[in-house]
Amino acid sequence: MNTLASKKGTFFAVLLIILLVAYVALFGLDIGTLHLKSASEMRFGIDIRGGIDAVFVPKDLGRSPTEAELEAARAIIETRLDQNKILDRDVTIDKEIGCIFVRYPWKSDETDFDPEKAISELGSMARLTFKDPDGKIVMEGKYVDWAMPGVDPENPDSYVVRLSLKPEGRKMFAEATGRLVGQKIAIYLDESMISDPIVQTKIDSDESYINRIGSLEEAKTLANQINSGALPFALVTENYSAISPSLGSNALEIMILAGIVAFIAICVALILYYRLSGVIAAISLLLQLTGQLILLTWPQFSITLPGIAGIILSIGMGVDANVIVSERIREELKSGKTMLAAVASGFKMAFSSIFDGNITVLIVAFVMMKFGSGAILSFAFTLLFGIIMNFVAGVAATKLMTMSIIQNNWLRKPSFFLSKRALAKKEVKVYPFYSKRKIYYAISGIILAFGLIMTIINGVNLDIQFKGGAILKYAMSEATEFDPDDAADLVERTLNGRIATGQITEDFATGEKRLVISMAGDQTLSNEELSLINDTLQQEFPEQNFKIDSTNNVSPYFGKKFLKNAVIAIALSAVLIILYVWFSFRKIHGLSAGAMSLVALLHDVLIAFFTFTIFQIPIGDTFVAVALSILGYSINDTIVIYDRIRENSRGAKKMPIEDIVDKSVSQSFTRSLNTNFAVFMSLAILYVFAALNGLESIVSFALPMAIGSISGCYSTICIVGPLWASWQKRKQTRLLAAKSEN
């Protein structure tokens, strides 16, 4: 890299590559039969593009399914959706009538919007069985955990389907394969045989594989069939319909416009403040954003609101990487180094902060990928791709362009990187953060106490995703346009504030439109309440001729498994972050550093939670998106402070701990403010655009995110460092006391 960076033409070569990546991301590319999708072909979520609403019921069961069976069926459908990268969906059950509701977005290339065709994407929902040559069932599909296509390890020209078995399935399969060596075990979906592999040896393990498959497509098809059939009973689609976008048809255009404005504003701010470094930062941010869009578009990951949060967080980290580098270069120039030496040293000094910050966030992303599904998985993938692009753009591309461009003698003037006034300030002003710590603690305490009081007064509004509730469907007129949000607002007023959302669905077979009202609440809807809603809707909108079509009481979209996995993921992320910070910052007592970083995380998540309760925003996937994003911002900010403390501790071992902390936080002060200002500005622009256009879901996302970004900056500057210093001073005092006693 150093050889490339020392050449003048490298800057233009990198710039050309970035422009090519940006072109492909924004406009796509066709080369013969190869079609590279553009961002406009991205698979957007239900709220942005609409989708399919289907009802699945057990086939030929002969009785009502149990709640456990319905939950098992839902888990399999969730897995199937995850495997198809459909991350924005609602899968919920109605225990009373024994059915499963599935809602998910259209494909990006959908043109005829045919729900029947779209439902086929989930594959056959039939009963899977494994039978011996006599037709006796040796194992049912419910004992298969998952199936996955792959390359045959013994023959690279052939393919296999790997099977993972549950403990009960392992026992059954071991018994069957032990007595059927050299014979076939046929795999059936209902009455259709989909494979009949020959048993080569007894299989007594959690995993096995079906080999001698001719092509990868055949292996994928077989794996999908096995996965879709691993249900406790067969499922059939009872009815289905198309769903309108819940945010409105112009939501995507509004968010794109807001994103463009925010991106331009960030780039202009970087250029005005950091000059030549700002120009290079803007170019690298273009690579980061467009590269991330490509990584999301080509595999067709559906982009959800949490996914958008992941993109914003990734851009924030990209800004942060460039700001850290720019600040370091300015410091080196102030110390009197030549331009070439200052740039080289600046990148070297900045790398540890960028690396540690990205790795800690990467830990969170991998844990979320392991335990998450749906909205959590969407966030994890966008974050993962964002971190990858941050290393490519914010580290590699920025370094190549900066080192290359300063090979031109006329650009080696410090004035291209900072003003003469800034250059004259050789020392950073040190602020007494440690001595003011009690004031900062008091401010946080007052804010948290106020939030707690308001939460007690207002209560916590859980969205239907967490609380469950009722879904009402009304037949309606097709002659006039109608905004479903107006009906939802009316229902909320009628039921004294019970949270409601509205959508329009269209039956594919009949073309009939229906108004769907979803209401959160763990209590069932009484007959009196239902009559009141019906009468109010008919009186307020007589031209729509509303008539109740169906009423369903549904379980939460985010079931017990989701909550369990979310708790496990957060707890495991916290443990792994502590371990990483402990190891990486072991020279400055890493265990205490990790513990204090968790205090900051808890502080910031509580601030976000109280924002939801104070403004009475329902807790749902929006809160999940905000909380995860703030965790990312907070830990990334904290790592930068610890990196400075580690550096300053090496250079001034006799300096008191509180002075080291004050110096370190002061040195990082401008970087923290600039990074968080860029994030806050983008969120504020998104909020304004959403508020002016009535996009409540985006408003309820952007507002707490903006407040959370302020909280993250505050906890980094005012809480983490002083807390760590207090811990260390208390430990030193105890050690001195112990020595004096001895």
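Let me begin by describing the structure that accompanies this report. (Residues numbered from 1 in each chain as written. Predicted model: local features only at pLDDT ≥ 70, side-chain atom pairs only at ≥ 80, totals over all residues. Heavy atoms only, no water.)

**With respect to the pairing of strand E4 (residues 90–94)**
Part 1 of the argument: Of all five residues making up E4, five are buried, and the element is well covered by its neighbours.
Part 2 of the argument: Side-chain alternation along E4 places Asp-90, Thr-92 and Asp-94 on one buried face and Val-91 and Ile-93 on a second face that is also buried.
Part 3 of the argument: With antiparallel pairing between neighbouring strands as the criterion, E4 and strand E5 (residues 99–105) make up a hairpin whose turn holds four residues, including Gly-98 at a positive phi of roughly 70 degrees. (Buried < 20%, exposed > 50% of the residue type's maximum accessible area, 1.4 Å probe, protein only. Helix = DSSP H or I, 4+ residues; strand = E, 2+ residues; numbered from the N terminus. Pairing = 2+ DSSP bridges.)

**Side note on unusual backbone geometry**
With glycine set apart, most residues show a phi of negative sign, and most peptide bonds adopt trans.
Part 1 of the argument: Located in the positive-phi region is Arg-212, a residue other than glycine, with phi close to 60 degrees.
Part 2 of the argument: Structurally, Arg-212 is set in strand E12 (residues 207–213).
Part 3 of the argument: Non-glycine residue Gln-616 carries a positive phi angle of around 55 degrees.

**Remarks on the environment of Thr-66**
Part 1 of the argument: Of note, Thr-66 is situated in the loop between strand E3 (51–58) and helix H4 (67–83).
Part 2 of the argument: Separated by 32 residues in the primary sequence, Thr-66 and Gly-98 have C-alpha atoms spaced 7.8 Å apart.

**Points about the sheet that holds strand E9 (residues 155–165)**
Part 1 of the argument: The strand order across the open sheet formed by three strands is E8-E9-E12, and the pairing between neighbours is antiparallel. On the outer flanks of this sheet lie strand E8 (144–152) and E12, each paired with one strand and no other. Each strand axis lies, on average, 20 degrees off the axis of its neighbour in the sheet, ignoring direction. (Axes fitted to C-alpha atoms, helices over the stretch in contact; angles between N-to-C directions.)

**Digging into helix H14 (residues 437–458)**
Part 1 of the argument: Helix length check: H14, at 22 residues, gives a terminal C-alpha distance of 31 Å against a target of 32 Å (1.5 Å per residue), a fit within 8%.
Part 2 of the argument: Listed in full, the buried residues belonging to H14 are Arg-437, Tyr-440, Ser-444, Gly-451, Met-454 and Thr-455. Seen from one end, H14 has its buried residues packed into an arc of 135 degrees, which puts them on one side. Residues of H14 that are exposed and point over 90 degrees away from its buried face: Lys-438, Ile-446, Ile-456 and Ile-457. (Expected span 1.5 Å × (residues − 1). Arc of directions from axis to C-beta.)

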